[in-house]
Amino acid sequence: MINFQTDILPLKNQLYRLALRITLDSAEAEDIVQETLIKVWDKRDSWTDIENIEAFCYTVCRNKALDYVKSQGSHSESLDAAQTERPDSSYTPSQQTIANDEVEMVRNIVNTLPEKQRSCIQLRDFEGKPYKDIARLLNMTEEQVKINIFRGRKTIKERFEQMNNYRA
């Protein structure tokens, strides 16, 4: 028996992080989480038919966030651009600037990935989700998730190296 307060409500922080990473807008992410929770609540009569309520919540949240991004006509960075890098005291200011530039380069590369690769990488590398959960969230097989992550990482590496060689 699924209980909203014990099974669904505790997911709100994770849902917020997912929405924030997709929309890059804190206020919009909060709205998306509220809309997600309302939609899940409205489906309470069919909760017994839902195999994995957590995956269902993530899917609803992800779809609402992607709908928002599409309505804005912009690409999602998939990385939290508002996240500030903490300076590492072992870096000189020059090294820190280079490191920040490299992080920005990776963000820009991730922006250009196909949506499935971007979503898989985000959930795996930034949210730490296991392949099995990602597969359920995105309605894919685990093998498809692994392939998308492999291809996305390969593209990121290749483009990063190209950009880095161009700068040098």
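All figures in this text were calculated on a predicted structure; none of them were measured in a lab. (Residues numbered from 1 in each chain as written. Predicted model: local features only at pLDDT ≥ 70, side-chain atom pairs only at ≥ 80, totals over all residues. Heavy atoms only, no water.)

Caption draft 1: Fine view of the side chain of Arg62. Residue position: Arg62 is located in helix α4 (residues 53-72). Taking the relative accessible area as the measure of exposure, Arg62 reaches 13% and is therefore buried. Beyond its immediate chain neighbours, meaning those up to four positions away, Arg62 contacts Leu18, Ile22, Glu115, Ser119 and Leu138. (Helix = DSSP H or I, 4+ residues; strand = E, 2+ residues; numbered from the N terminus. Buried < 20%, exposed > 50% of the residue type's maximum accessible area, 1.4 Å probe, protein only. Contact = heavy atoms within 4.5 Å.)

Caption draft 2: Region of interest: unusual backbone geometry. Even without glycine at this site, Asn139 takes up a positive phi of about 55 degrees. Turning to its location among the elements, Asn139 is positioned in the loop between α7 (131-138) and α8 (142-167).

Caption draft 3: How the structure looks around α4. For α4, spanning 20 residues, the distance from its first C-alpha to its last is 29 Å, which sits close to the expected 28 Å at 1.5 Å a residue. When we look at burial in α4, the residues that qualify are Ile53, Ala55, Cys57, Tyr58, Thr59, Val60, Cys61, Arg62, Ala65, Leu66, Tyr68 and Val69. Those residues of α4 that are buried are in contact with α1 (4-8), α2 (12-23), α3 (26-42), α6 (115-126) and α7. Near the N-terminus of α4, the side chain that reaches the backbone nitrogen of Glu54, with its oxygen 3.0 Å away, is that of Asn52. (Expected span 1.5 Å × (residues − 1). Polar contact = N/O pair within 3.5 Å; in protein donor to acceptor, adjacent residues only side chain to side chain.)

Caption draft 4: Geometry of the nonpolar core. In terms of nonpolar packing, the biggest core is built from 33 residues, with Ile8 and Leu15 touching the most fellow members. Those elements giving two or more residues to this core turn out to be α1, α2, α3, α4, α6, α7 and α8. With nine residues, the single largest contributor to this core is α4. Within the second largest apolar cluster, seven residues are counted, among which are Ile109, Leu113, Ile121 and Phe160. (Core = buried A, V, L, I, M, F, W, Y, C linked by side-chain atoms within 4.5 Å.)

Caption draft 5: View of the pattern of salt bridges. Counting across every chain of the model gives five salt bridges. Taking the shortest distance from any N to any O, the salt bridge between Glu35 and Lys64 comes out at 3.9 Å. Of this pair, Glu35 sits in helix α3 while Lys64 sits in helix α4, and the two are 29 residues apart along the sequence. We note a salt bridge from Glu115 to Arg62, for which the minimum N-O separation is 2.5 Å. Here the residue Glu115 occupies a position in helix α6, and Arg62 occupies one in helix α4, the gap between them amounting to 53 residues. (Salt bridge = Lys/Arg side-chain N within 4 Å of Asp/Glu carboxyl O.)

These figures capture arrangement, not role.
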